[in-house]
Amino acid sequence: MKKRGSLLKSLIALLTVSAALLIVIYTATGIYLSDAEKKEALSSNTITVASILQIMNVNHQGGLLQGSNVKMDKVMTVLCSNFEVDYITAILINRKTDEINVLCTATSTDNEDIFVLDSVIEKYMAEKSEIWKHPEEYQGMPAVEYLEDMDLYFCDFPLVIDDDSILVVTLEVYDRELAHSVVRNVMSFTLPTLSVVILTVAVALLLVNFKIAKPIRKISSRMINFVDDYKKNHRPIYEKDAPNNEIGDISEAFNKMSSDIEAFMTDIDRMRSERVAAEVELGIARKIQTGIVPERLELDAGIYSVCAAAEAARNMGGDFYECFRVDDRTLCTVIGDVSGKGVSAAVFMSMIKTAIQVRLADGFSPEATLDAVNREVCRANSESMFATVFIALTDTVTGEVNFANGGHNPPVILGESPRFAEVESGTLIGLFDTDCDIGKGSIRLKEGEGLLLYTDGCNEALDAESEFFGTDGMLKAIDGKTTAKDICGALCDAVHRHSGSELSDDVTVVVIYPREQRVMKLKPELSSLDIINGALSEMLGNTDAMRSAALVAEELFANIVTYSGAEKAELILSSSPSSLKMRFTDDGEPFDPSSADPEMKDPDLLDLGGMGIPLVRRMSKSFSYERADGKNIVTLELDLSALQ
Amino acid sequence: MTVNKTVNGSSAVLYIEGWLDIRSSSELASEIEGLDSSINELELDLSKLEYISSAGVRLVVTLHKKYPSFKITHASPSVMTVLKMTGLDKRLNIE
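The written sequence of each chain sets the order in which its residues are numbered from 1. As a convention, the first chain written is A and the first ligand written is 1, with the rest following in written order. Local features in this predicted model are restricted to residues whose pLDDT is 70 or higher, and side-chain atom pairs enter the listing and the counts only when it is 80 or higher, whereas totals over whole chains, interfaces and linings include all residues. Values reported for side chains reflect all heavy atoms of the structure, with hydrogen atoms and water molecules removed beforehand.

**Considerations on the overall build of chain B**
Next, step 1: Secondary structure elements are taken from DSSP: a helix is a run of H or I of four residues or more, a strand is a run of E of two residues or more, and numbering for both begins at the N terminus. Check the secondary structure of chain B and you find three helices and four strands.
Next, step 2: For chain B, the α and β elements follow one another from N to C terminus as β-β-α-β-α-β-α.
Next, step 3: Buried residues in chain B amount to 45% of all 95 residues.
Next, step 4: Whether two residues are in contact is decided by their heavy atoms, any of which lying within 4.5 Å being enough. Restricting to contacts in chain B with at least 6 residues of sequence separation, those with at least 24 account for 69%.
Next, step 5: Under the convention used here, a 1.4 Å probe and the Shrake-Rupley method define accessible areas, while residue burial counts only the protein chains that appear. Per element, the accessible surface of chain B, about 4,500 Å² overall, is 47% carbon and sulfur. Three exposure classes are used, based on accessible area relative to the maximum for each residue type with a 1.4 Å probe and protein chains only: buried under 20%, partly exposed in between, and exposed over 50%.

Structural data, given as structure tokens:
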């Protein structure tokens, strides 16, 4: 933490500076009174004192105040101290006799110069006696003079007592005394005030320090070291009662907060260790599941291609699927969902999947497979786990699907208007040993139709508002898609979009769909080759496979154009990742190219033609002809992987 | 398909580019018909030929029979595949 100064220290510093400043200002203004100011003060004081004495009716006889028993010297002594002068002298001058008589000299302090002064004054008065004889001419402020030999300021003022007598009142002040009096003033008034203020503030600061600054420092140090001290026993800020003020409130709030935080941290620690354990378990489950259920699978089977995708949710829901070709024309697809999550679900899933696979490989029907697996699972299922399973065996030539259902969602029949199939749902696998009712039946896929199998992770995917994706959402997602791969991808993407950042359950999709198909009505003329080549180029790109396919198509189509006399022709192209099927139909004269000599002629005779069909045979995997409804139908399949 | 030719006295080289199918074969045939009758040495440079069908092969055999000296050069692998299937690779002068 950044090192900071103390609040208290800065306040003390501020106080010291202002006190010093105050003293300096006061002293300066006091000491440096100008000479003129000093003299003016003395001059006006002289008039005042003289006036006072006049009012008190001073007479010339022994300095007694008339009608009063107060001695003149007493009065003057009081005036001395009141007006802060060193001496006041009253001198009686007789205008007729020129006699000068010092009536009285008063002093406020023990000035020993009093006798010296008297003589000096007398001498001075003698010098000025002519002036005093005409006091009426004496106007304005009395002049102040400086007696250098005595370091004394001196001011006098005449009062006319009677026709003969003039009373001259003089005030005398030592130069140093004049300055001292000002300083004394300052000291006597300002310093006590200042001291009281400083003392008060000092006491206040001490209070602030002990009552506010110290507790705050303590709280802040606790805050800084909170994490280091975590798990040590925190003592409260105040051992006993907290002060009954805001600091008390803060310290109690801090105590409460720190105990709350400690409680939370303990909770978090506990949750963290639980979570680590759960993650380890999930890691095991994930390894089992991904080892057994591939994330993606593509497969060609007869007129169909199959695309499957599986994505596990974070907590591993136990979905599985399986696709394989039982024989040349039978495709087996299995999809299932095991109850529970985590390792137990993964293990149970792998057991069920293996059991199903073994039965199907042994030639069991889907129904018999599920029946056997159910009994096997029931024998050792202490955890009462169960699974939903759907098995479909598809004839990839006729589109006939035989299925068995153990409580799984109904499949979707894909095509121009996709719809959910109505199938018996059957009972869940693993729950009822004897009373198990496996749903079974068959579906006939028409031309252009396919089958979609899925787990409830699709239709029951939840969005942020806990809304299901729903069966309508599924149908909407696959609308307009024309290949197994596209349907599979579109559905998975839509479920992802609906779910947001994290899947709520495993999502598994298996799509069986006729391979990509293009139907072309062709005029039986050579310019139609451009249409055929365009379609092949779109499907296969600019590849050797495309040129091989174009060669085969040209040979067959040229035959139709040249020899059959057909008026209409049609070509259906269906492609899968590994092969391309062509089916030429024309309404011309019956002509069976497969009956033509399959052997290539002698090269020297090739200028006579007849090499087209042998070329086609050499390049195709299969080649067949049939005559139906008055039409020639030639079907062939190219192995694209061999033509790359 | 496009054809470029260089004629040098009694010998000619035809550079054939693109697709040689049933339609372009007849174009090529009439192109060769138009060659000077004094030419007895013909070379087909197929380095830019992408595709050949049976019609093209027929034309090649015809030319092989017509010209005393006839050869094919620079055939691409996919063209060679077709020539091999017809057995012409053993009969023709292919370089």
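**Concerning the environment of N315 of chain A**
Residues and elements named next belong to chain A.
Next, step 1: Along the chain, the position of N315 falls in the loop between β7 (304-311) and β8 (319-327).
Next, step 2: Linking N315 and L503, residues 188 residues apart in sequence, is a C-alpha distance of 9.4 Å.
Next, step 3: Not counting chain neighbours up to four residues away, the residues in contact with N315 comprise L282, K341 and G342.

**With respect to the confidence of the model for chain A**
Next, step 1: Per-residue confidence from the prediction method is given by pLDDT, with values spanning 0 to 100. Of the residues in chain A, 89% have a pLDDT of 70 or more, and the chain-wide mean is 83.
Next, step 2: Per-element mean pLDDT across chain A ranges from 72 in helix α1 (residues 7-31) of chain A up to 95 in strand β15 (residues 450-454) of chain A.

**Structural notes on the environment of E465 of chain A**
Next, step 1: Relative to the elements of secondary structure, E465 of chain A occurs in the loop between α10 (456-459) and α11 (470-478).
Next, step 2: It is 9.8 Å that separates the C-alpha atoms of E465 of chain A and S499 of chain A, two residues lying 34 residues apart in sequence.

**Digging into the sheet that holds β8 of chain A**
All names here are of chain A.
Next, step 1: Spatial ordering of the open sheet is given by β8-β9-β10-β11-β14, a layout of five strands whose pairing is antiparallel. In this open sheet, the two edge strands, each paired with only one partner strand, are β8 and β14 (439-444). Across this sheet, the average inter-strand angle for adjacent strands is 15°, counted without regard to direction.
Next, step 2: Think of it this way: DSSP has to see at least two bridges between two strands before they count as a pair. By the bridge criterion, six bridges tie strand β10 (residues 387-395) to strand β11 (residues 400-406) in an arrangement that is antiparallel. Simply put, an axis is a line fit to the C-alpha atoms, just over the touching stretch for a helix, and the angle between two N-to-C directions goes from 0 to 180 degrees.

**Quick notes on the packing of aromatic side chains**
All names here are of chain B.
Next, step 1: Only Phe, Tyr and Trp rings are paired, with Trp represented by its six-membered ring, and only when their centres lie within 6.5 Å; those with planes under 30 degrees apart are stacked, over 60 edge-to-face, the remainder tilted. All chains considered together, the criterion is met by four aromatic pairs over all chains.
Next, step 2: Seen from their ring centres, W19 and Y51 are 4.0 Å apart, and the 20° between their planes marks the pair as stacked. Of this pair, W19 sits in strand β2 (residues 11-20) while Y51 is found in strand β3 (residues 41-52), placing the two residues 32 residues apart along the sequence.
Next, step 3: With relative accessibility at 22%, the residue W19 sits in the partly exposed group.

**With respect to the nonpolar core**
Next, step 1: Among the buried residues, those of types Ala, Val, Leu, Ile, Met, Phe, Trp, Tyr and Cys that are joined through side-chain atoms within 4.5 Å form a nonpolar core. By size, the foremost hydrophobic cluster in this structure holds 67 residues, and its most contacted members are L536, L580, M582 and F584 of chain A together with L44 of chain B.
Next, step 2: It is helix α14 (residues 544-564) of chain A that contributes the most residues to this core, 10 residues altogether.
Next, step 3: Beyond its immediate sequence surroundings of up to four residues, L44 of chain B is in contact with L14, I16, V60, L63, F70, K71, I72 and T73 of chain B.
Next, step 4: By size, the runner-up hydrophobic cluster in this structure holds 46 residues, among which are A308, V334, F403 and L445 of chain A.

**Overview of the interface of chain A and chain B**
Next, step 1: Counting residues at the interface gives 26 residues for chain A, matched by 21 residues for chain B.
Next, step 2: Of the roughly 2,100 Å² buried between chain A and chain B on both sides combined, carbon and sulfur atoms contribute 60%.
Next, step 3: By definition, a salt bridge exists where a carboxyl oxygen of Asp or Glu is found within 4 Å of a side-chain nitrogen of Lys or Arg. Taken together, chain A and chain B are joined by three salt bridges.
Next, step 4: D602 of chain A serves as the salt-bridge partner of R91 of chain B, at 3.6 Å between the closest nitrogen and oxygen. Joining two parts hides part of their accessible area as seen by a 1.4 Å probe, and the buried area is that hidden amount summed over both.

**What about the environment of L640 of chain A?**
All names here are of chain A.
Next, step 1: Residue position: L640 is located in helix α16 (residues 640-643).
Next, step 2: When its relative accessible area of 3% is taken as the criterion, L640 is described as buried.
Next, step 3: Residues L640 and K581, 59 residues apart in the sequence, show an inter-C-alpha distance of 10.0 Å.

**Thoughts on the sheet that holds strand β5 (residues 165-174) of chain A**
Residue and element names in this part refer to chain A.
Next, step 1: The five strands are arranged β2-β1-β5-β4-β3 in an open sheet whose pairing can be described as antiparallel. The sheet is open, and its two edges are formed by β2 (100-107) and β3 (144-147), each paired on a single side. In this sheet, neighbouring strand axes are inclined to one another by 25° on average, regardless of whether the strands run parallel or antiparallel.
Next, step 2: Across seven bridges, the pairing between strand β1 (residues 87-94) and β2 is antiparallel. Across the sheet, the residue bridging to I88 is A106, located in β2.
Next, step 3: Each of β1, β3, β4 (152-160) and β5 touches helix α2 (residues 35-55); the most contacted strand, β4, lies at about 30° to it.

**As for a nonpolar patch on the surface**
Next, step 1: Exposure above 30% relative accessible area and the absence of a salt bridge qualify a residue for a patch, where like charges join within 9 Å and nonpolar side chains (Val, Leu, Ile, Met, Phe, Trp, Tyr) within 5 Å. A cluster of nonpolar side chains, namely L199, V203 and L207 of chain A, defines an oily patch on the protein surface of about 290 Å² accessible area.
Next, step 2: Within the fold, L199 of chain A resides in helix α5 (residues 175-224).

**As for helix α3 (residues 77-85) of chain B**
Residues and elements named next belong to chain B.
Next, step 1: By the burial criterion, the buried members of α3 are V79, M80, V82 and L83. Axial view of α3: buried residues confined to an arc of 160°, hence all on one face. For α3, the exposed residues set more than 90 degrees away from the buried face come down to P77 and K84.
Next, step 2: Positive backbone phi, at 80°, marks G87, one or two positions downstream of α3. The arc in question is the one spanned by the directions pointing from the helix axis to the C-beta atoms.

**Concerning the packing of helix α1 (residues 22-33) of chain B against helix α2 (residues 54-66) of chain B**
Residue and element names in this part refer to chain B.
Next, step 1: Axis separation between α1 and α2 bottoms out at 8 Å; the angle between their running directions is 20°. Judged on the interaxial angle alone, α2 and α1 are roughly parallel. In contact with I22, S25, L28, A29, I32 and E33 of α1, α2 contributes A55, G56, L59, L63 and K66.
Next, step 2: Under the scheme applied, nonpolar residues are Ala, Val, Leu, Ile, Met, Phe, Trp, Tyr, Cys and Pro; charged residues are Asp, Glu, Lys and Arg; polar residues are all the others, including Gly. Residue composition of the contact of α1 with α2, grouped by class: seven nonpolar, two polar and two charged. Roughly parallel means an angle under 35 degrees; roughly antiparallel, over 145; roughly perpendicular, 65 to 115; everything else is oblique.

**Considerations on the pattern of salt bridges**
Residues and elements named next belong to chain A.
Next, step 1: Taken as a whole and assessed by the stated rule, the structure comprises 25 salt bridges over all chains.
Next, step 2: For R270, the salt bridge is made with D267, and the minimal N-O distance between the two is 3.6 Å. In this pair, R270 and D267 are both assigned in helix α7 (residues 246-292), three residues apart and thus about one turn of the helix distant.
Next, step 3: Look at R270 and you get partly exposed, because its relative accessible area is 42%.
Next, step 4: The salt bridge involving E367 is made with K440; its shortest N-O contact spans 3.5 Å. Of this pair, E367 sits in helix α9 (residues 366-379) while K440 sits in strand β14, placing them 73 residues apart in sequence.
Next, step 5: Using a relative accessible area of 30% as the deciding quantity, one classes E367 as partly exposed.
Next, step 6: Owing to a relative accessible area of 45%, K440 belongs among the partly exposed residues under this scheme.

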